[in-house]
Amino acid sequence: MNANLSIKGWQAKLELGFEQKHGKTLLAHRRHQGPLTVQRPFYPEGGVCHVYILHPPGGIVGGDRLDLCINAEQHSHALITTPAAGKFYRSGGELAVQTVSIKVEKDAALEWLPQETIIYQGAQLRSAVNVELAQGARFIGWEILSLGRPACGESFDVGLADMSWQVYGQGRPLFLERLHLDAKAFAARWGLQGLSACGTLFAGPAGAESLAAVQQLIGESKGRGVTLIDELLVCRAVDDRSDRLRGFFEQVWAIVRPDSVQRKACAPRIWAT
């Protein structure tokens, strides 16, 4: 794989800043460069700001670079999602890069819930999500991946997805992980065992009741697991269908949301379309 980024691809950047004013969270800062922007905010649950991130090209190819910087100021609460699945297309050898930097200030809440990401066979990508939580900050986030296109008979025999998550609380590492997903990891028994969909959900702070409720939801189901690391709940799942995996994560989100961000579940309207 050629690790050098092409200057021919889209170079896009989006900065979002949320502030709490007059009983509601406002999108107070918005700056974008290249094909990466947002729709107007929605308020389906009162003061919580729901925002949909738009990427007009519809997919990411080798040489593209997307950078998202999100900041939730004190006492604000924002939920960020996407109107459709993200897509990383087959590459001729160049690397596609996506970086998401999230900072949640004291007593603020941020939910990072994009729809699933489809990684086409032959894609070459690096994705990093970095989360910094201040004292009293609340966060729920997930990443749902679909490798290949099983409905079209396409697996993931060629390609590489280099994925990382870093979650820090008051400067202390809470969760650090890097996944190297290639054809070998896709097929191996120690890897995905040929299952096309995998994902991870994070929620914090979370307590023993949330852990027990998610464990009850999982029951004897295969390919599902949950643990509590200090006050950070980590739920993982694999499946042969990304829609079923996302449905499972939506159930987990509905369970942990009252505990982690002190709100009952209120799904973004775009999820129902």
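Residues numbered from 1 in each chain as written. Predicted model: local features only at pLDDT ≥ 70, side-chain atom pairs only at ≥ 80, totals over all residues. Heavy atoms only, no water.

**Student:** Break down the pairing of strand E16 (residues 224-229) for me, with residues and values.
**Tutor:** Note on strand geometry: in a regular strand, side chains alternate between the two faces of the sheet. Bridge analysis of E16 against strand E17 (residues 232-239) gives 6 bridges, and the strand direction is antiparallel. Bridging from a neighbouring strand, Ile229 pairs with Leu232 of E17. Between E16 and the antiparallel strand that follows it, E17, lie 2 residues; Asp230 among them carries a positive phi value of about 55°. (Pairing = 2+ DSSP bridges. Helix = DSSP H or I, 4+ residues; strand = E, 2+ residues; numbered from the N terminus.)

**Student:** Any details on the side chain of Arg224? Residues and values, ideally.
**Tutor:** Residue position: Arg224 is located in strand E16. Polar contacts involving the side chain of Arg224 include one to the side chain of Asp239, which spans 2.8 Å. Setting aside residues no more than four positions away along its own chain, Arg224 makes contact with Ile218, Arg236, Ala237, Val238, Asp239, Arg244 and Phe248. (Polar contact = N/O pair within 3.5 Å; in protein donor to acceptor, adjacent residues only side chain to side chain. Contact = heavy atoms within 4.5 Å.)

**Student:** Could you give an account of the nonpolar core, naming the residues involved and the relevant values?
**Tutor:** In this structure, Phe18, Ile102, Leu110, Trp112, Phe139 and Leu181 are the most contacted members of the largest nonpolar core, which totals 49 residues. When neighbours within four sequence positions are excluded, Trp112 is seen to be in contact with Ile53, Leu68, Ile70, Ile80, Val100, Ile102, Phe139, Ile140, Gly141, Trp142 and Trp165. Grouped together as the second largest cluster of nonpolar side chains are 28 residues, Ile144, Ala197, Ile218 and Val261 included. (Core = buried A, V, L, I, M, F, W, Y, C linked by side-chain atoms within 4.5 Å. Buried < 20%, exposed > 50% of the residue type's maximum accessible area, 1.4 Å probe, protein only.)

**Student:** Could you give me a rundown of the environment of Leu54, with the residues and numbers involved?
**Tutor:** For Leu54, the position within the fold is in strand E4 (residues 49-54). Here Leu54 is in contact with Pro35, Leu36, Thr37, Val38, Gln39 and Pro83, once residues within four sequence places are set aside.

**Student:** Any chance you could break down helix H2 (residues 208-218) for me, citing the residues and the numbers?
**Tutor:** All of the buried residues along H2 are Ser210, Leu211, Val214 and Ile218. Buried residues in H2, looked at end-on, bunch into an arc of 100°, giving them a common side. Residues Ala208, Glu209 and Gln216 are exposed on H2 and point more than 90 degrees away from its buried face. Buried residues belonging to H2 abut E16, E17 and helix H3 (242-260). Looking at the residues trailing H2, positive phi occurs at Gly219, about 55°. (Arc of directions from axis to C-beta.)

**Student:** Outline the sheet that holds strand E8 (residues 96-104), supporting the account with residue identities and numerical values.
**Tutor:** On the basis of which strands lie adjacent, the open sheet formed by 7 strands has the order E2-E1-E5-E8-E11-E13-E14 and mixed pairing. The outermost strands of the open sheet, each flanked by one partner alone, are strand E2 (24-33) and strand E14 (172-182). On average, adjacent strands in this sheet sit at an angle of 10° to one another, irrespective of strand direction. One ladder, built from 8 bridges, connects strand E1 (residues 11-21) with strand E5 (residues 65-72); its direction is parallel. Bridging from a neighbouring strand, Leu16 pairs with Ile70 of E5. (Axes fitted to C-alpha atoms, helices over the stretch in contact; angles between N-to-C directions.)

**Student:** So what's going on with the pattern of salt bridges? Residues and values would help.
**Tutor:** Counting across every chain of the model gives 16 salt bridges. Two residues, Arg257 and Glu111, come together in a salt bridge whose shortest N-O distance is 2.8 Å. On the criterion of sequence distance, the pair formed by Arg257 in helix H3 and Glu111 in strand E9 (residues 109-112) is long-range, its members being 146 residues apart. Residue Arg257 shares its accessibility class with Glu111, and that shared class is buried. For the salt bridge of Asp162 with Arg178, the shortest nitrogen-to-oxygen distance reads 2.5 Å. Taken as a pair, Asp162 in strand E13 (residues 160-169) and Arg178 in strand E14 lie far apart in primary sequence, 16 residues in all. Accessibility expressed as a relative area gives 11% for Asp162, which makes it buried. Among the charged side chains, a salt-bridge network with shared partners connects Arg224, Asp239, Asp240 and Arg244. (Salt bridge = Lys/Arg side-chain N within 4 Å of Asp/Glu carboxyl O.)

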